[in-house]
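Single-letter residue listing:
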Amino acid sequence: MLSERRLQVLRAIVQDYVGTEEPVGSKALTERHNLRVSPATVRNDMAALEEEGYIAQPHTSAGRVPTDKGYRLFVDKLAGVKPLSSPERRAIQNFLDGAVDLDDVVGRTVRLLAQLTRQVAVVQYPSLTRSTVRHVELLSLAPARLMLVLITDTGRVEQRMVDCPAPFGESSLADLRARLNSRVVGERFTEVPQLVQDLPESFDAEDRGTVSSVLSTLLETLVEETEERLMIGGTANLTRFGQDFPLTIRPVLEALEEQVVLLKLLGEAKDPGMMVRIGHENAHEGLTSTSVVAVGYGSGDEAVAKLGVVGPTRMDYPGTMGAVRAVARYVGQILAEN
(Lines give C-alpha, C1' and ligand atoms only; values in the text may rest on other atoms or scores of the structure.)
Protein backbone atom coordinates (compact mmCIF):
# COMPACT_ATOMS: atom_id res chain seq x y z
CA MET A 1 0.00 0.00 0.00
CA LEU A 2 1.24 3.49 -0.83
CA SER A 3 1.39 6.06 1.94
CA GLU A 4 -1.11 8.92 1.90
CA ARG A 5 1.65 11.37 0.92
CA ARG A 6 2.76 9.26 -2.05
CA LEU A 7 -0.86 9.01 -3.18
CA GLN A 8 -1.01 12.82 -3.09
CA VAL A 9 2.19 13.03 -5.13
CA LEU A 10 0.74 10.61 -7.71
CA ARG A 11 -2.47 12.62 -7.89
CA ALA A 12 -0.47 15.81 -8.48
CA ILE A 13 1.61 14.14 -11.23
CA VAL A 14 -1.51 12.89 -13.05
CA GLN A 15 -3.27 16.28 -12.77
CA ASP A 16 -0.20 18.20 -13.99
CA TYR A 17 0.57 15.83 -16.86
CA VAL A 18 -3.04 15.82 -18.07
CA GLY A 19 -3.15 19.62 -17.83
CA THR A 20 0.24 20.51 -19.32
CA GLU A 21 1.10 17.56 -21.60
CA GLU A 22 4.64 17.85 -20.20
CA PRO A 23 6.48 15.27 -18.04
CA VAL A 24 6.41 16.40 -14.43
CA GLY A 25 9.47 17.14 -12.23
CA SER A 26 9.75 17.35 -8.43
CA LYS A 27 10.49 21.10 -8.46
CA ALA A 28 7.34 21.88 -10.45
CA LEU A 29 5.26 19.69 -8.13
CA THR A 30 6.38 21.46 -4.99
CA GLU A 31 5.77 24.85 -6.62
CA ARG A 32 2.28 24.03 -7.96
CA HIS A 33 0.89 21.88 -5.14
CA ASN A 34 0.70 22.34 -1.40
CA LEU A 35 2.49 19.06 -0.59
CA ARG A 36 4.10 20.52 2.58
CA VAL A 37 7.40 18.67 1.98
CA SER A 38 10.73 19.57 0.37
CA PRO A 39 11.62 18.86 -3.28
CA ALA A 40 14.09 16.23 -2.02
CA THR A 41 11.28 14.35 -0.24
CA VAL A 42 9.11 14.58 -3.35
CA ARG A 43 12.05 13.19 -5.41
CA ASN A 44 12.26 10.22 -3.03
CA ASP A 45 8.49 9.66 -3.30
CA MET A 46 8.71 9.82 -7.09
CA ALA A 47 11.55 7.29 -7.09
CA ALA A 48 9.38 4.93 -5.00
CA LEU A 49 6.38 5.46 -7.32
CA GLU A 50 8.60 4.73 -10.32
CA GLU A 51 10.00 1.59 -8.72
CA GLU A 52 6.47 0.30 -8.12
CA GLY A 53 5.45 1.02 -11.72
CA TYR A 54 3.03 3.94 -11.15
CA ILE A 55 5.09 6.50 -13.08
CA ALA A 56 7.82 6.27 -15.71
CA GLN A 57 10.52 8.45 -17.27
CA PRO A 58 10.20 9.17 -20.98
CA HIS A 59 13.68 8.78 -22.48
CA THR A 60 13.85 12.42 -23.58
CA SER A 61 12.88 14.06 -20.30
CA ALA A 62 13.95 14.62 -16.73
CA GLY A 63 10.30 14.57 -15.62
CA ARG A 64 7.94 11.63 -15.06
CA VAL A 65 4.61 10.59 -16.58
CA PRO A 66 1.90 8.28 -15.21
CA THR A 67 1.77 4.67 -16.43
CA ASP A 68 -1.44 2.68 -17.06
CA LYS A 69 -1.01 1.37 -13.51
CA GLY A 70 -0.71 4.93 -12.17
CA TYR A 71 -3.84 6.09 -14.01
CA ARG A 72 -5.71 3.02 -12.71
CA LEU A 73 -4.86 3.87 -9.08
CA PHE A 74 -5.81 7.50 -9.75
CA VAL A 75 -9.23 6.50 -11.11
CA ASP A 76 -9.93 3.90 -8.40
CA LYS A 77 -8.69 5.77 -5.35
CA LEU A 78 -7.96 9.42 -6.05
CA ALA A 79 -10.35 10.79 -8.66
CA GLY A 80 -13.89 11.79 -7.84
CA VAL A 81 -16.46 12.25 -10.60
CA LYS A 82 -16.51 15.95 -11.43
CA PRO A 83 -20.13 17.22 -11.55
CA LEU A 84 -21.18 19.38 -14.46
CA SER A 85 -22.04 23.03 -13.90
CA SER A 86 -25.66 24.22 -14.03
CA PRO A 87 -25.18 25.90 -17.45
CA GLU A 88 -23.64 22.68 -18.81
CA ARG A 89 -26.56 20.61 -17.49
CA ARG A 90 -29.09 23.05 -18.97
CA ALA A 91 -27.28 22.97 -22.33
CA ILE A 92 -27.41 19.15 -22.36
CA GLN A 93 -31.10 19.11 -21.53
CA ASN A 94 -32.02 21.75 -24.13
CA PHE A 95 -29.99 20.04 -26.85
CA LEU A 96 -31.42 16.57 -26.22
CA ASP A 97 -35.00 17.81 -25.67
CA GLY A 98 -35.10 18.90 -29.32
CA ALA A 99 -34.79 15.30 -30.58
CA VAL A 100 -37.71 14.09 -32.70
CA ASP A 101 -37.12 10.32 -32.70
CA LEU A 102 -34.70 7.64 -31.51
CA ASP A 103 -32.21 8.13 -34.38
CA ASP A 104 -32.16 11.85 -33.55
CA VAL A 105 -31.64 11.11 -29.84
CA VAL A 106 -28.65 8.86 -30.62
CA GLY A 107 -27.20 11.32 -33.16
CA ARG A 108 -27.51 14.28 -30.79
CA THR A 109 -26.02 12.25 -27.93
CA VAL A 110 -22.95 11.39 -30.02
CA ARG A 111 -22.39 15.03 -31.01
CA LEU A 112 -22.94 16.24 -27.46
CA LEU A 113 -20.52 13.73 -25.88
CA ALA A 114 -17.83 14.48 -28.46
CA GLN A 115 -18.18 18.24 -27.84
CA LEU A 116 -18.27 17.98 -24.02
CA THR A 117 -15.29 15.63 -23.66
CA ARG A 118 -13.37 16.45 -26.87
CA GLN A 119 -12.92 12.70 -27.31
CA VAL A 120 -14.43 10.11 -29.66
CA ALA A 121 -18.03 9.42 -28.64
CA VAL A 122 -19.69 6.01 -29.06
CA VAL A 123 -23.40 5.42 -28.46
CA GLN A 124 -25.07 2.04 -28.73
CA TYR A 125 -28.69 1.91 -29.88
CA PRO A 126 -31.04 0.44 -27.27
CA SER A 127 -30.88 -3.34 -27.49
CA LEU A 128 -34.24 -4.84 -28.36
CA THR A 129 -33.34 -8.05 -26.54
CA ARG A 130 -33.82 -6.02 -23.36
CA SER A 131 -36.68 -3.89 -24.69
CA THR A 132 -40.36 -4.31 -24.00
CA VAL A 133 -43.38 -3.80 -26.25
CA ARG A 134 -45.19 -0.51 -25.73
CA HIS A 135 -47.87 -1.04 -28.40
CA VAL A 136 -48.65 -2.99 -31.57
CA GLU A 137 -50.80 -1.13 -34.10
CA LEU A 138 -52.56 -2.85 -37.01
CA LEU A 139 -53.85 -0.75 -39.91
CA SER A 140 -55.91 -1.90 -42.89
CA LEU A 141 -54.43 -0.77 -46.24
CA ALA A 142 -56.59 -2.97 -48.50
CA PRO A 143 -59.06 -5.83 -47.91
CA ALA A 144 -56.19 -8.37 -47.74
CA ARG A 145 -53.26 -6.10 -46.82
CA LEU A 146 -52.30 -4.76 -43.37
CA MET A 147 -49.56 -2.62 -41.88
CA LEU A 148 -48.06 -3.76 -38.58
CA VAL A 149 -46.42 -1.03 -36.44
CA LEU A 150 -44.33 -2.12 -33.46
CA ILE A 151 -43.49 0.54 -30.84
CA THR A 152 -40.96 -0.27 -28.10
CA ASP A 153 -40.43 1.20 -24.64
CA THR A 154 -37.23 2.88 -25.89
CA GLY A 155 -39.09 4.79 -28.60
CA ARG A 156 -38.12 2.59 -31.52
CA VAL A 157 -40.81 2.28 -34.22
CA GLU A 158 -40.80 -0.53 -36.81
CA GLN A 159 -43.28 -0.88 -39.69
CA ARG A 160 -43.97 -4.01 -41.74
CA MET A 161 -46.49 -4.96 -44.45
CA VAL A 162 -48.60 -8.10 -44.00
CA ASP A 163 -50.26 -9.84 -46.96
CA CYS A 164 -53.31 -11.76 -45.71
CA PRO A 165 -54.48 -15.06 -47.22
CA ALA A 166 -58.07 -13.72 -47.27
CA PRO A 167 -59.90 -10.39 -46.75
CA PHE A 168 -59.91 -9.30 -43.10
CA GLY A 169 -62.70 -7.02 -41.85
CA GLU A 170 -62.37 -3.99 -39.55
CA SER A 171 -64.14 -5.69 -36.63
CA SER A 172 -61.81 -8.71 -36.89
CA LEU A 173 -58.83 -6.35 -37.09
CA ALA A 174 -59.95 -4.45 -33.96
CA ASP A 175 -60.43 -7.76 -32.14
CA LEU A 176 -56.94 -9.01 -33.13
CA ARG A 177 -55.34 -5.67 -32.17
CA ALA A 178 -56.98 -5.73 -28.71
CA ARG A 179 -56.15 -9.38 -28.00
CA LEU A 180 -52.58 -9.07 -29.25
CA ASN A 181 -51.84 -5.97 -27.16
CA SER A 182 -53.41 -7.50 -24.06
CA ARG A 183 -50.82 -10.29 -24.28
CA VAL A 184 -47.64 -8.46 -25.31
CA VAL A 185 -47.73 -4.86 -23.98
CA GLY A 186 -45.11 -4.42 -21.26
CA GLU A 187 -43.49 -7.77 -22.06
CA ARG A 188 -39.90 -8.34 -23.13
CA PHE A 189 -39.26 -9.22 -26.75
CA THR A 190 -37.80 -12.55 -25.72
CA GLU A 191 -41.08 -13.51 -24.00
CA VAL A 192 -43.40 -12.59 -26.91
CA PRO A 193 -43.18 -15.83 -29.00
CA GLN A 194 -44.39 -17.93 -26.08
CA LEU A 195 -47.16 -15.47 -25.19
CA VAL A 196 -48.76 -15.47 -28.65
CA GLN A 197 -48.21 -19.05 -29.85
CA ASP A 198 -51.80 -20.19 -29.15
CA LEU A 199 -53.49 -16.94 -30.26
CA PRO A 200 -54.62 -18.17 -33.74
CA GLU A 201 -56.62 -21.01 -32.13
CA SER A 202 -58.80 -18.50 -30.28
CA PHE A 203 -60.09 -17.08 -33.63
CA ASP A 204 -62.65 -18.47 -36.09
CA ALA A 205 -61.25 -20.90 -38.65
CA GLU A 206 -61.53 -18.43 -41.58
CA ASP A 207 -59.43 -15.80 -39.70
CA ARG A 208 -56.66 -18.05 -38.40
CA GLY A 209 -54.52 -17.77 -41.55
CA THR A 210 -54.41 -13.98 -41.29
CA VAL A 211 -53.73 -14.06 -37.53
CA SER A 212 -50.83 -16.46 -38.17
CA SER A 213 -49.45 -14.15 -40.91
CA VAL A 214 -49.57 -11.15 -38.55
CA LEU A 215 -47.82 -13.09 -35.78
CA SER A 216 -45.08 -14.44 -38.04
CA THR A 217 -44.40 -10.87 -39.31
CA LEU A 218 -44.27 -9.62 -35.71
CA LEU A 219 -41.84 -12.35 -34.64
CA GLU A 220 -39.63 -11.79 -37.71
CA THR A 221 -39.47 -8.09 -36.80
CA LEU A 222 -38.37 -8.93 -33.26
CA VAL A 223 -35.58 -11.20 -34.54
CA GLU A 224 -34.36 -8.69 -37.16
CA GLU A 225 -34.24 -5.81 -34.73
CA THR A 226 -32.11 -7.51 -32.08
CA GLU A 227 -29.06 -6.82 -34.26
CA GLU A 228 -26.80 -4.44 -32.37
CA ARG A 229 -26.13 -0.99 -33.84
CA LEU A 230 -24.06 1.96 -32.70
CA MET A 231 -23.14 5.46 -33.77
CA ILE A 232 -19.72 7.05 -33.48
CA GLY A 233 -18.67 10.69 -33.69
CA GLY A 234 -15.81 13.07 -32.97
CA THR A 235 -13.08 10.91 -34.51
CA ALA A 236 -11.34 14.10 -35.67
CA ASN A 237 -10.78 14.95 -31.97
CA LEU A 238 -8.04 12.29 -31.89
CA THR A 239 -5.87 14.36 -34.22
CA ARG A 240 -5.39 16.84 -31.37
CA PHE A 241 -3.64 14.12 -29.37
CA GLY A 242 -0.98 13.03 -31.89
CA GLN A 243 1.76 13.08 -29.27
CA ASP A 244 -0.24 10.69 -27.04
CA PHE A 245 -0.05 7.79 -29.49
CA PRO A 246 3.42 6.21 -29.47
CA LEU A 247 3.83 5.49 -33.18
CA THR A 248 0.80 6.49 -35.19
CA ILE A 249 -2.90 7.13 -34.74
CA ARG A 250 -3.80 4.61 -37.48
CA PRO A 251 -4.30 1.48 -35.24
CA VAL A 252 -6.73 3.47 -33.10
CA LEU A 253 -8.71 4.65 -36.13
CA GLU A 254 -8.80 1.11 -37.56
CA ALA A 255 -10.10 -0.28 -34.24
CA LEU A 256 -12.79 2.42 -34.12
CA GLU A 257 -13.97 1.40 -37.60
CA GLU A 258 -14.74 -2.14 -36.38
CA GLN A 259 -18.22 -2.12 -34.86
CA VAL A 260 -17.67 -5.58 -33.38
CA VAL A 261 -14.68 -4.28 -31.39
CA LEU A 262 -16.66 -1.31 -30.05
CA LEU A 263 -19.74 -3.38 -29.22
CA LYS A 264 -17.57 -5.85 -27.30
CA LEU A 265 -15.88 -2.96 -25.52
CA LEU A 266 -19.20 -1.37 -24.50
CA GLY A 267 -20.55 -4.80 -23.56
CA GLU A 268 -17.94 -4.96 -20.81
CA ALA A 269 -19.62 -2.03 -19.03
CA LYS A 270 -21.72 -3.46 -16.21
CA ASP A 271 -25.31 -2.25 -15.69
CA PRO A 272 -25.55 0.53 -14.67
CA GLY A 273 -22.10 1.31 -13.26
CA MET A 274 -19.26 3.28 -14.78
CA MET A 275 -16.56 1.35 -16.65
CA VAL A 276 -13.07 2.78 -17.15
CA ARG A 277 -10.60 0.72 -19.20
CA ILE A 278 -7.07 2.13 -19.31
CA GLY A 279 -4.37 1.41 -21.88
CA HIS A 280 -3.35 -2.25 -21.90
CA GLU A 281 -6.54 -3.23 -20.04
CA ASN A 282 -8.15 -2.97 -23.49
CA ALA A 283 -7.81 -6.37 -25.13
CA HIS A 284 -7.80 -5.04 -28.71
CA GLU A 285 -4.26 -4.23 -29.83
CA GLY A 286 -5.29 -1.01 -31.58
CA LEU A 287 -6.70 0.44 -28.37
CA THR A 288 -3.81 -0.20 -25.96
CA SER A 289 -2.82 3.49 -26.09
CA THR A 290 -6.37 4.64 -25.30
CA SER A 291 -8.77 4.78 -22.38
CA VAL A 292 -12.47 3.98 -22.60
CA VAL A 293 -15.06 5.48 -20.24
CA ALA A 294 -18.55 3.98 -20.63
CA VAL A 295 -21.81 3.64 -18.71
CA GLY A 296 -25.22 2.06 -19.26
CA TYR A 297 -28.34 4.13 -19.97
CA GLY A 298 -32.00 3.22 -19.92
CA SER A 299 -35.58 4.35 -19.34
CA GLY A 300 -35.82 2.69 -15.91
CA ASP A 301 -33.44 1.09 -13.45
CA GLU A 302 -32.04 -1.28 -16.06
CA ALA A 303 -29.62 -0.26 -18.81
CA VAL A 304 -30.88 -0.97 -22.34
CA ALA A 305 -27.61 0.11 -23.99
CA LYS A 306 -24.24 1.76 -23.33
CA LEU A 307 -22.59 5.02 -24.24
CA GLY A 308 -19.11 6.32 -23.70
CA VAL A 309 -15.94 7.90 -25.06
CA VAL A 310 -12.55 6.75 -26.33
CA GLY A 311 -9.49 8.96 -25.95
CA PRO A 312 -5.81 8.90 -25.01
CA THR A 313 -4.79 7.57 -21.58
CA ARG A 314 -3.77 11.16 -20.77
CA MET A 315 -7.39 12.03 -20.12
CA ASP A 316 -9.24 14.28 -17.70
CA TYR A 317 -10.86 11.29 -15.98
CA PRO A 318 -13.01 13.15 -13.40
CA GLY A 319 -14.42 15.52 -16.06
CA THR A 320 -14.95 12.76 -18.65
CA MET A 321 -16.65 10.47 -16.14
CA GLY A 322 -18.91 13.33 -15.04
CA ALA A 323 -19.92 14.20 -18.61
CA VAL A 324 -20.57 10.57 -19.62
CA ARG A 325 -22.67 9.94 -16.51
CA ALA A 326 -24.69 13.15 -16.91
CA VAL A 327 -25.45 12.55 -20.60
CA ALA A 328 -26.48 8.93 -19.88
CA ARG A 329 -28.87 10.17 -17.20
CA TYR A 330 -30.52 12.72 -19.53
CA VAL A 331 -30.84 10.19 -22.38
CA GLY A 332 -32.51 7.79 -19.92
CA GLN A 333 -34.98 10.50 -18.90
CA ILE A 334 -35.88 11.23 -22.54
CA LEU A 335 -36.50 7.54 -23.25
CA ALA A 336 -38.71 7.30 -20.15
CA GLU A 337 -40.74 10.40 -21.08
CA ASN A 338 -41.25 9.37 -24.70
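For the structure itself, look to the data block above.
Predicted, not measured: the structure shown is a model, and the values here were computed from it. (Residues numbered from 1 in each chain as written. Predicted model: local features only at pLDDT ≥ 70, side-chain atom pairs only at ≥ 80, totals over all residues. Heavy atoms only, no water.)

## Describing the overall build of the protein
When helices and strands are tallied, the protein shows twelve helices and ten strands. In terms of overall dimensions, the protein is more spread out than a globule: its C-alpha atoms have a radius of gyration of 26 Å, far above the 20 Å expected for 338 residues. Burial analysis of the protein (338 residues in total) assigns 49% to the buried set. The contacts in the protein between residues at least 6 apart in sequence include a share of 60% that link residues at least 24 apart. Entry remark: accessible area of the protein is about 16,200 Å², with carbon and sulfur atoms responsible for 49%. Side chains of the protein carry 37 positive and 46 negative charges; the gap between the two charge centres is 10 Å. (Helix = DSSP H or I, 4+ residues; strand = E, 2+ residues; numbered from the N terminus. Rg over C-alpha atoms; globule rule 2.2 N^0.38 Å. Buried < 20%, exposed > 50% of the residue type's maximum accessible area, 1.4 Å probe, protein only. Contact = heavy atoms within 4.5 Å. Areas by Shrake-Rupley, 256 points an atom, 1.4 Å probe, with all protein chains shown as cover. Lys, Arg positive; Asp, Glu negative; His and termini not counted. Charge placed at Lys NZ, Arg CZ, Asp CG, Glu CD.)

## A word on the layout of surface pockets
Approximately 410 Å³ is the volume found for the largest pocket. In terms of lining, the largest pocket is formed by 19 residues, of which the most central are Leu116, Thr117, Arg118, Asp316 and Thr320. Among the elements that line the lining of the largest pocket, the one with the most residues is helix 12 (residues 317-337), at three residues. Looking at side-chain class alone, the lining of the largest pocket contains seven nonpolar, five polar and seven charged residues. (1 Å grid on protein atoms, 1.4 Å probe; cavity = no way out; pocket = protein on both sides within 12 Å on 5 of 7 lines; lining within 4 Å. Points joined across faces, edges and corners; volume = space filled by probe spheres on them. Nonpolar A, V, L, I, M, F, W, Y, C, P; charged D, E, K, R; others polar.)

## Some thoughts on helix 3 (residues 39-51)
Its 13 residues give helix 3 an end-to-end C-alpha distance of 18 Å, which sits within 8% of 18 Å, the value for a rise of 1.5 Å per residue. Of the residues making up helix 3, those classed as buried are Val42, Asp45, Met46, Ala48 and Leu49. Projected onto a plane normal to the axis of helix 3, the buried residues spread over an arc of 160 degrees and lie on a single side. Structural note: helix 3 exposes Asn44 and Glu51 on the side pointing more than 90 degrees away from its buried face. (Expected span 1.5 Å × (residues − 1). Arc of directions from axis to C-beta.)

## A short note on the sheet that holds strand 5 (residues 145-152)
On the basis of which strands lie adjacent, the open sheet formed by three strands has the order 4-5-6 and antiparallel pairing. Of all strands in the sheet, those with a lone pairing partner are strand 4 (133-142) and strand 6 (157-163), marking the two edges. Direction aside, neighbouring strands of the sheet carry axes that sit 20 degrees apart on average. Pairing between strand 5 and strand 6: seven bridges, direction antiparallel. Pairing of Val149 across the sheet is with Gln159, part of strand 6. Against the sheet, helix 7 (residues 170-184) contacts strand 4 and strand 5, and its axis sits at roughly 165 degrees relative to strand 4. (Pairing = 2+ DSSP bridges. Axes fitted to C-alpha atoms, helices over the stretch in contact; angles between N-to-C directions.)

## Quick look at the environment of Gly233
Position of Gly233 among the secondary structure elements: in strand 7 (residues 230-233). The spacing of Gly233 and Gln119 is 114 residues in sequence and 8.8 Å in space, taken between C-alpha atoms. In contact with Gly233, not counting residues within four places along its chain, are Val110, Ala114, Gln119, Val120 and Ala121.

## What about helix 11 (residues 259-267)?
Turning to helix 11, its buried residues number three or more, namely Val261, Leu262, Leu263, Leu265 and Leu266. In this fold, the buried residues of helix 11 make contact with strand 3 (120-124), strand 7, helix 10 (250-257), strand 8 (275-278), strand 9 (290-297) and strand 10 (305-312).

## Some details on the nonpolar core
The biggest cluster of nonpolar side chains holds 59 residues, and the ones touching the most others in it are Leu29, Tyr297, Leu307 and Tyr317. The leading source of residues in this core is helix 12, at eleven residues. (Core = buried A, V, L, I, M, F, W, Y, C linked by side-chain atoms within 4.5 Å.)

## A few points about the environment of Ser131
Position of Ser131 among the secondary structure elements: in the loop between strand 3 and strand 4. Taking relative accessible area as the criterion, Ser131 reaches 0% and is therefore assigned buried. Remark: the alpha-carbon pair of Ser131 and Leu180, spanning 49 residues in sequence, is separated by 17 Å. With near-sequence residues (within four places) excluded, Ser131 lies in contact with Thr152, Asp153, Thr154, Glu187, Arg188 and Phe189.

## Some details on the pairing of strand 9
The buried fraction of strand 9 amounts to eight of the eight residues, a majority that puts the element mostly inside the structure. Of the strand pairs in this sheet, strand 9 and strand 10 are connected by eight bridges, and their pairing is antiparallel. In the strand pairing of strand 10, Ser291 is matched with Gly311.

## Quick look at empty space enclosed by the protein
Counted according to the given criterion, the structure contains one cavity of 30 Å³ or more. As for the largest cavity, its lining consists of Val122, Leu262, Leu265, Leu266, Val292, Val293, Ala294, Gly308, Val309 and Val310. Mapped onto the lining of the largest cavity, the elements with two or more residues apiece are helix 11, strand 9 and strand 10. For the lining of the largest cavity, a count of residues per class yields nine nonpolar, one polar and no charged.

## A short note on the side chain of Thr313
Here Thr313 lies in the loop between strand 10 and helix 12. Residue contacts for Thr313: discarding those within four places in its chain leaves Asp68, Tyr71, Ile278, Gly279, Ser289, Thr290 and Ser291.

## Describing unusual backbone geometry
Phi is positive for Glu21, close to 65 degrees, though the residue is something other than glycine. By relative accessible area, which is 41% here, Glu21 ends up partly exposed. With phi around 60 degrees, Arg36 is a residue other than glycine that occupies positive phi space. Assessed through its relative accessible area of 73%, Arg36 is described here as exposed.

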